[in-house]
Structures are given as C-alpha cells and as structure tokens.
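Remarks on the overall topology
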Amino acid sequence: MDSAAHTPLAARGPARLMAHFWMILGVIIVAFPIYYVVIASTHSTQTILRPPLPLLPGPEALQNYDEAFSGGIGRIGGVSLWRLLGNTTLIAVGIALGKIAISMASAYAIVFFRFPLRMACFWLIFITLMLPVEVRIQPTYKVM
C-alpha cells in the first residue's frame, strides 16, 4: 500500500504544495470573471456604471432576474428569453447527439473494417472533433 496516500499534504514536500497553490490560483483567476458577472447582475445599472463594482451581492437580485426572465430586457428582437434559451438548447442537444452518432459510426468502421489509410482517417476524425466551433463556423456556414 502506498504510504504517501495517508500522509498529510505538508509532509509530501514543498513541490506538491506549490503545485496545489498554482492550481488553486488558476481556478480563482478563471472563476473570478464568472463570479463578477453574477454579482453585477444583482446590482442596479447605476451601481454597475459607477466604479468600483462591489464584490458582494446587491439588494436588487430578485427584481433584476424577474425582469430578465419575464419581459423587459428578457425580450431580444421581439423574442422572449425562454424562446431563445429553448432554441439554444435544442440546437446544442442536436449537435451533441449528431456528433455522438457520427463518432460511433466512424469508430465502428475504423475498428471492425480493414481498409487503406484507416489510421489516417482515425486521426483526421479525432482532430476535427477536438476543434472548437469558432474554428469550424465559417466553413460550416459556407457549406450551408
């Protein structure tokens, strides 16, 4: 049995402490803008426009969220926020299921059939699945 699994973090050495420090710092740096946006959504427009923005939630959270989800700001181009969220969910689920179906069919063909350039096809499929939408959006638009 590994004895390192049962020793305290400080006993494992300064390198591990530094690694944890940098990972925690990275999470804080990545998560802070999300936290900041959520906090800003609980304040009035006047408070947001008057720097510095407070780092604690404001008193207008319920009113702001109610307005965003029921009407007012929640209507973009005459379409309700719920309709926009529904459309986005439908498209995202459709794309995810499509990717899964294509990936399964491709994997089946690559695993069970022997054909020339089989591994090249595998790597091309694998690499293109890893590309973000932002990279593929213009070629997809041109195809459509």
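Just so you know, the residues in each chain are numbered from 1, in the order the chain's sequence is written. Where local features are concerned, this predicted model is filtered to residues with pLDDT of at least 70; where side-chain atom pairs are given and counted, the filter is 80 or more; whole-chain, interface and lining totals use all residues. Side-chain numbers come from the whole structure's heavy atoms, not from hydrogens or water.

A short note on the overall build of the protein chain
Strands are runs of DSSP state E lasting at least 2 residues, helices are runs of H or I lasting at least 4, and numbering of each runs from the N terminus. Assigned secondary structure in the protein chain consists of 6 helices and 2 strands. Long-range contacts, defined as pairs at least 24 residues apart, comprise 8% of the intrachain contacts of the protein chain with a sequence gap of at least 6. Accessible surface, the protein chain: about 11900 Å² in total, of which carbon and sulfur atoms supply 76%. Whether two residues are in contact is decided by their heavy atoms, any of which lying within 4.5 Å being enough. We get accessible surface area from the Shrake-Rupley algorithm with a probe of 1.4 Å; when it comes to residues, only the shown protein chains can shield them.

Overview of the packing of helix α4 (residues 81-112) against helix α5 (residues 118-130)
Here the axes come from fitting lines to C-alpha atoms, over the contacting stretch only for helices, and the angles between their N-to-C directions go from 0 to 180 degrees. It is the contact of α4 with α5, at a shortest axis distance of 10 Å, that shows an interaxial angle of 165°. With respect to each other, α4 and α5 are oriented roughly antiparallel. The way α4 lies across α5 gives a crossing that is left-handed. Between α4, through Lys99, Ser103, Ser106, Ile110 and Val111, and α5, the contact on the second element is made entirely by Arg118, Cys121, Phe122, Ile125 and Leu129. Of the residues in the contact of α4 with α5, the class split is 6 nonpolar, 2 polar and 2 charged. Oblique is the label for any angle not under 35 degrees, not over 145, and not in the 65 to 115 range, which are roughly parallel, roughly antiparallel and roughly perpendicular in turn. Whether a crossing is left-handed or right-handed is set by the direction in which the near helix is turned from the far one by less than a right angle, anticlockwise for left-handed and clockwise for right-handed. Polarity classes work like this: nonpolar for Ala, Val, Leu, Ile, Met, Phe, Trp, Tyr, Cys and Pro, charged for Asp, Glu, Lys and Arg, and polar for all others, with Gly in that last group.

Topic: a nonpolar patch on the surface
A cluster of nonpolar side chains, namely Ile34, Val38, Tyr65, Phe69, Trp82 and Leu85, defines an oily patch on the protein surface of about 590 Å² accessible area. Of all the elements in the fold, those that place two or more residues in the nonpolar patch are α1 (14-40), α3 (61-70) and α4. With respect to the helices and strands, isoleucine 34 occurs in helix α1. What goes into a patch is any residue over 30% in relative accessible area without a salt bridge, connected to like charges within 9 Å or, for nonpolar side chains (Val, Leu, Ile, Met, Phe, Trp, Tyr), within 5 Å. Salt bridges, as used here, are contacts in which a Lys or Arg side-chain nitrogen is within 4 Å of a carboxyl oxygen on Asp or Glu.

Describing the side chain of serine 44
Tracing the backbone shows serine 44 in the loop between α1 and α2 (45-49). Within the structure, serine 44 has its side chain in polar contact with the side chain of threonine 47 (distance 2.9 Å). Polar contacts, as counted here, are pairs of nitrogen or oxygen atoms within 3.5 Å of one another; within protein the pair requires one atom able to donate a hydrogen and one able to accept it, and residues that are adjacent in sequence qualify only if both atoms are side-chain atoms.

A short note on the packing of aromatic side chains
Only Phe, Tyr and Trp rings are paired, with Trp represented by its six-membered ring, and only when their centres lie within 6.5 Å; those with planes under 30 degrees apart are stacked, over 60 edge-to-face, the remainder tilted. According to the stated counting rule, one finds 8 aromatic pairs in the structure shown. Note on phenylalanine 32 and tyrosine 35: the rings are 6.4 Å apart at their centroids and 40° apart in plane angle, and the pair reads as tilted. In this pair, phenylalanine 32 and tyrosine 35 both sit in helix α1, 3 residues apart, roughly one turn of the helix. For each residue, the accessible area found with a 1.4 Å probe, counting protein chains only, is set against the maximum for its type, and the residue is called buried under 20%, exposed over 50%, and partly exposed in between. Assessed through its relative accessible area of 37%, tyrosine 35 is described here as partly exposed. When the ring of tyrosine 108 is compared with that of phenylalanine 112, the centres are 4.8 Å apart and the planes differ by 45°; the resulting orientation is tilted. Highlighted residues: tyrosine 108 and phenylalanine 112, both in helix α4, separated by 4 residues, approximately one helical turn. Since its relative accessible area comes to 56%, phenylalanine 112 is described here as exposed. Following the ring pairs from residue to residue traces out a cluster consisting of Phe32, Tyr35 and Tyr36.

Examining the environment of isoleucine 110
Among the secondary structure elements, isoleucine 110 is positioned in helix α4. Discounting chain neighbours no more than four positions away, the residues touching isoleucine 110 are Phe115, Arg118, Cys121, Phe122 and Ile125.

Describing unusual backbone geometry
Proline 51 connects to proline 52 through a cis peptide bond whose omega is -5°. Position of proline 52 relative to the elements: it lies in the loop between α2 and α3. We note that leucine 117 has phi near 60°; this positive angle belongs to a residue other than glycine. Checked against the element boundaries, leucine 117 lands in the loop between α4 and α5.

In short, geometric facts, not functional conclusions.
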